[in-house]
Amino acid sequence: NFKANLTTDKIKNYSDIFVSNSFKETKLKRKPDIYHIIPDGMLNLNTLEKYEFPHSKKFKEKLEEIGFEYFENSLTNYPATYFSLSSTLNGSLVNENLKFSEKQINKTMYNSRLHKLLIKNDYKIFWYSHKIWIGSKCNQNLFKCMNASFYDQEYFENYLLLININKLWLDKLYFKLFKKKKLMHLDKITKDLDIILKEPKPRYIYGYLNTPHGPYSVDQKCVSIIEKNLQENIAFEKKRYFEHVLCLKDQIEKFTSKIKEKNQRPFIIIIQSDTGWA
């Protein structure tokens, strides 16, 4: 029942935002590679089944088959992304007696206790941002920012709109001219593994994905719908949402397979949703 109390007041000590510090006494005896994948708005499979997603049982069986442990009825702490991820990355519930601005909460993700712990233990952090959410902004002083091209950022799209150009037309033209499919969502990280795995230090990959949350940009085979329709589907549609989930299932399989094939170090893959209703 927690509700965010948003304010413009400044909080001098960001550690005051949290009621505890689970990472304070944490010591890493082992340093496996960590792949932390966060699909935006992903319902757990039990909930998907309640909403008549016909493949939830097969999805769960496939996860277990390729080595995942599935946590039944798992929920995150808060219904708002910035509170939920901040709580996760800082190992604590939020102090509900204080008032915050969203910007202040976002800052606790850019400089989270988990990431500071990993950097202290000589990890190299590869950061994938959600292109339309400022809360997933990459701290270039601390992390290797992996999908930071200006073309894919919201700013570029807004500049084009100022001169009455829809960026989707450029994407469509690219597909027509070069006959090359655009990599979407987790497939981008899978491709980048060839670069990431050259890093000699222990690796932590933070992948915040704009899926299966709308706007809906792929079909169930992970093909960009822009190639067909020249538009993303912004309003919620159960059919489109389910197609994104099926795409994510296939992408997880490919991602896991490539890590098992290429990675020469012990590794952990964590797939979690962002918000409490999921």
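Above this text is the structure in question.
This structure is a prediction, so every number in the text was calculated from the model and none was measured.

Procedures and definitions
Residues numbered from 1 in each chain as written. Predicted model: local features only at pLDDT ≥ 70, side-chain atom pairs only at ≥ 80, totals over all residues. Heavy atoms only, no water. Salt bridge = Lys/Arg side-chain N within 4 Å of Asp/Glu carboxyl O. Helix = DSSP H or I, 4+ residues; strand = E, 2+ residues; numbered from the N terminus. Buried < 20%, exposed > 50% of the residue type's maximum accessible area, 1.4 Å probe, protein only. Pairing = 2+ DSSP bridges.

**Considerations on the pattern of salt bridges**
Think of it this way: side chains of opposite charge can pair up when their charged atoms draw near.
Next, step 1: Applying the stated criterion across every chain yields a total of 12 salt bridges.
Next, step 2: Linking Glu243 and Arg240 is a salt bridge whose minimum nitrogen-to-oxygen distance equals 3.2 Å. Of this pair, Glu243 and Arg240 both sit in helix α10 (residues 238–262), separated by 3 residues, roughly a single helical turn.
Next, step 3: A relative accessible area of 9% places Glu243 in the buried class.
Next, step 4: A residue is classified by how much of its surface remains accessible, and Arg240, at 16% relative accessible area, is buried.
Next, step 5: Where Lys249 meets Glu253, a salt bridge forms, and the shortest distance between an N and an O atom there is 2.9 Å. Note that Lys249 and Glu253 are positioned in helix α10 at a spacing of 4 residues, about one turn of the helix.
Next, step 6: By relative accessible area, which is 18% here, Lys249 ends up buried.
Next, step 7: Within the structure, one salt-bridge network assembled from shared partners comprises Lys62, Glu65, Lys249, Asp250 and Glu253.

**A closer look at the pairing of strand β2 (residues 124–128)**
Next, step 1: Burial runs high along β2: 4 of the 5 residues are buried.
Next, step 2: The pairing of β2 with strand β4 (residues 203–209) spans 5 bridges and is parallel. Bridge assignment links Ile125 to a residue of β4, and that residue is Tyr204.
Next, step 3: Note: β2 against strand β3 (residues 144–145), 2 bridges, orientation parallel. When the sheet's bridge partners are listed, Trp127 is paired in β3 with Cys145.

**Some remarks on the pairing of β4**
Next, step 1: The buried fraction of β4 is high, at 7 of 7 residues.
Next, step 2: In β4, alternate side chains face the same way, and those of Arg203, Ile205, Gly207 and Leu209 on one face and Tyr204, Tyr206 and Tyr208 on the other are all buried.
Next, step 3: Pairing geometry for strand β1 (residues 33–39) and β4, over 6 bridges, is parallel. Bridge pairing in β4 places Ile38 opposite Tyr208.

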